[in-house]
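Architecture at a glance
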Amino acid sequence: MVGLHKSDFKNPVVRWIDERLPIPSLLQKEYAQFPTPKNFNYFWNFGALAMVCLVVMIVTGIFLAMHYTPHTAHAFDSVERIMRDVNYGWLIRYIHMNGASMFFIVVYIHIFRGLYYGSYKAPRELLWILGVVILLLMMATAFMGYVLPWGQMSFWGATVITNLFSAIPVVGDDIVVWLWGGFSVDNPTLNRFFSLHYLLPFLIVGVVFLHVVALHITGSNNPLGIEPKGPQDTIPFHPYYTIKDSFGLVVFLIVFAFFVFFAPNYLGHPDNYIEANPLVTPAHIVPEWYFLPFYAILRAVPDKLGGVVLMFGSIFVLFVLPWLDTSPVRSMKFRPLARPFFWVFVLSCLLLGYCGAMPPEGIWVVLSRVGTAYYFLYFLVILPVLGKLERPLPLPVSISERVLGGGPVPAAAAAKPMEKA
Amino acid sequence: MRRLRLVALAASLLLAAPAARAAGEAPKPPPQDWSFGGLFGTFDRASAQRGFLVYKQVCAGCHAMKQLAYRNLEGIGLSQAEIRAIAAEYMIMDGPNDDGEMFERPGRPSDRFRSPFPNVQAARAANNGAYPVDLSLIIKARPDGANYIHALLTGYRDEPPAGVEPMEGMHYNAYFPGHWIAMARPLHDDQVEYPDGTPATTEQMARDVTTFLAWAAEPELEQRRAMGVRVILFLIVLAGLTYGVKRKIWAELKH
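Cut-offs and rules
Residues numbered from 1 in each chain as written. Chains lettered and ligands numbered in written order. Predicted model: local features only at pLDDT ≥ 70, side-chain atom pairs only at ≥ 80, totals over all residues. Heavy atoms only, no water. Helix = DSSP H or I, 4+ residues; strand = E, 2+ residues; numbered from the N terminus. Buried < 20%, exposed > 50% of the residue type's maximum accessible area, 1.4 Å probe, protein only. Contact = heavy atoms within 4.5 Å. Areas by Shrake-Rupley, 256 points an atom, 1.4 Å probe, with all protein chains shown as cover. Phe/Tyr/Trp six-rings, centres within 6.5 Å; stacked < 30°, edge-to-face > 60°. Lys NZ or Arg CZ within 6 Å of the ring centre and 35° of its normal. Salt bridge = Lys/Arg side-chain N within 4 Å of Asp/Glu carboxyl O. pLDDT = per-residue confidence, 0-100.

With that settled, consider the overall build of chain B. Helix and strand content of chain B: seven helices and four strands. Its helices and strands taken in sequence order, chain B reads α-α-α-β-β-α-α-β-β-α-α from the N to the C terminus. A buried classification covers 41% of the 255 residues belonging to chain B. Relative to all contacts within chain B whose residues are 6 or more apart in sequence, the contacts with residues 24 or more apart total 61%. Carbon and sulfur atoms provide 57% of the accessible area of chain B, an area that totals close to 13,500 Å².

Turning next to the packing of aromatic side chains. In total, this model carries 53 aromatic pairs over all chains according to the counting rule given. Here Phe104(A) and Tyr290(A) contribute two aromatic rings whose centre-to-centre distance is 4.1 Å and whose plane-to-plane angle is 5°, an arrangement assigned as stacked. Taken together, the positions of Phe104(A) in helix H5 (residues 89-116) and Tyr290(A) in the loop between helix H10 (237-262) and helix H11 (292-300) put the pair 186 residues apart, joining distant regions of the chain. As far as the burial class goes, Phe104(A) and Tyr290(A) line up, both buried. Cluster of aromatic residues (ring-pair linked, three or more members): Tyr31(A), Phe40(A), Trp44(A), Tyr116(A), Tyr117(A), Phe237(A), Tyr240(A), Tyr241(A), Phe342(A), Trp343(A) and Trp250(B). One residue, Arg113(A), lies across the ring of Trp44(A), its end atom 4.4 Å from the ring centre. Of note, Lys244(A) hangs over the ring of Trp250(B), and the distance from its end group to the ring centre comes to 5.3 Å.

For the coordinates displayed, the defined rule picks out 24 salt bridges over all chains. Here Glu227(A) makes a salt bridge to Arg124(A), at a shortest N to O gap of 3.1 Å. Note that Glu227(A) is positioned in the loop between helix H9 (187-218) and strand S2 (234-236) and Arg124(A) in the loop between H5 and helix H6 (125-147), a separation of 103 residues in sequence. The closest approach of N and O atoms between Arg207(B) and Glu203(B), which form a salt bridge, is 3.3 Å. Of this pair, Arg207(B) and Glu203(B) are both found in helix H6 (residues 202-217), four residues apart, which corresponds to roughly one turn of the helix.

The predicted coordinates ought not to be read in detail in places where the model reports low pLDDT. Residues and elements named next belong to chain B. Chain-level statistics for chain B give a pLDDT mean of 90 and a share of 89% at 70 or above. Per-residue pLDDT stays below 50 along residues 1-24; that stretch engages in 25 contacts with residues further than four places along the chain or on separate chains. Across the predicted assembly, pTM comes out at 0.91 and ipTM at 0.90.

What follows is the structure, given as structure tokens:
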């Protein structure tokens with residue numbers, strides 16, 4: 001079949017392009033008309049916010065790379081040169097530095113949103129799995145990015161984390177030497193981390209594209225967790241959600257700007273303003289805040305290999321979550337028995353984050369173990385068993401019926417006057 | 001603004017509280033009232049200039065500040081002529097010249113602060129094995145940096161508290177982690193003569209040099225905060241407008 005695409009566009013130039021390369025049609029279909037459940041709450045902003053974060057990180061990162069020198073003898077000074085001598089270099093770097101934290105805050109909220117409203121359940125399993133892949137890529141990117149300024153925490157964080165691979169039986173030590181490109185974290189390590197730190201974000205862009213494609217096949221989940229029954233349940237993405245996302249974005253940018261302009265180093269660690277010194281170990285080596293829960297899991301296990309396995313397991317368990325959760329009901333709104341377990345899960349993650357920043361001794365070890373135990377218990381026991389045991393509340397017939405008040409209005413919907421229920 | 005602050009702080013408190021605590025060990029430095037403190041503070045130029053004098057006459061004997069150039073001193077209000085004069089006080093190693101020789105010449109505003117020692121080994125050799133750290137970033141490189149440096153400089157005790165064994169070649173400091181610091185008490189009353197007539201007490205010099213070091217660590221601070229106020233005010237207005245448009249668009253929606 002050869003022939004021009006049938007275009008509906010009036011503008012002759014757009015039409016000419018659209019007939020030959022129907023990207024305008026695609027955008028029209030997927031971003032303007034795209035039928036979207038009409039009952040989103042503001043938690044559905046966070047996917048778009050994550051996309052904005054990714055773009056901000058890539059753009060600022062490209063400009064930083066123009067001035068950064070990936071060499072152990074120059075990296076620290078080149079970052080300071082960016083801070084002091086490059087025009088608005090401090091702004092670009094602080095946006096990039098705090099942007100990483102903002103990206104993780106946004107993505108973590110996005111993930112917990114998915115956990116609460118059951119967005120990972122059929123038919124959205126692959127959409128969820130692609131999301132977990134993005135999370136893994138983000139973690140690798142953030143970790144390597146943190147090494148680049150070549151401060152004390154950069155160096156010692158890199159040393160600790162790369163050393164984890166030595167826990168692999170038989171080949172572990174060889175793998176670590178291979179990762180380092182030498183016998184310690186040194187210039188070859190910094191060089192390859194810079195190269196990969198520049199590469200991985202573009203892989204993230206690729207997986208985000210797949211994530212969005214998968215989303216546009218299944219359509220979005222929604223706070224009720226029931227599929228739209230027809231056109232009366234959906235609204236076009238534009239203008240309704242473009243404007244709602246825009247408002248969320250501006251609010252998010254206010255928080256972002258507060259950190260960049262008024263507390264740029266609040267989320268960082270002072271030791272990273274000391275140049276890396278292989279001969280001086282910091283008193284406490286702590287990763288960036290977004291890794292603290294995983295760091296706590298790592299240290300909760302007395303055995304090194306066991307700790308590494310559990311730490312990676314805490315992410316990998318997310319891959320099989322769609323099959324672990326046996327409940328056919330998506331939204332926690334209709335799962336009164338599961339809901340408290342979910343909130344305890346959120347608390348256990350926060351507890352793990354707190355423990356991760358504490359020295360691994362005394363009460364913190366105990367609490368780390370409690371948090372770790374609950375983390376895995378939630379996925380491996382509670383969710384599989386609850387699905388069989390609980391009696392969910394009756395689901396509404398359709399989104400419209402619920403929104404129009406053809407039954408008891410759910411608390412969250414009642415609290416949102418702007419929805420014009 | 002205050003509400004914004006509260007919300008932002010509350011949101012981040014949970015996350016970052018542990019990081020702040022991880023520093024531990026030494027007593028918490030008493031919080032001081034800094035000209036550059038808070039969300040909108042600016043550097044007290046007179047204090048920073050006095051602080052530069054303290055650095056130049058006291059600290060610079062051992063501590064380098066390699067991230068700073070003499071031209072940067074414009075940031076604490078020194079004039080071009082003053083900066084040229086200060087730079088010219090130092091002989092800077094340059095070269096090689098056309099004969100392949102290194103040579104010394106008077107400093108220029110574009111030169112970095114001359115380091116007291118040519119390398120780390122020389123610095124250690126001259127200081128009993130201890131390395132006097134570079135001070136360019138010291139305020140950012142220590143938890144609660146400004147308060148800590150001020151407390152450290154004023155925290156020397158002639159005698160360790162009862163029951164603590166003196167350490168050979170070390171000095172007792174109430175605020176240094178582990179208390180025993182290789183650096184001898186650097187500031188003594190009237191060690192520096194301030195041209196503006198300010199009495200050079202230890203406390204005054206510690207305050208001034210900390211102000212100078214805070215500026216050195218974050219020379220962009222004032223520009224950053226001024227820009228931040230404008231950016232956030234703009235975003236608040238934009239948020240209001242966007243919310244209005246959102247309300248209007250959704251109001252037209254027939255359920």
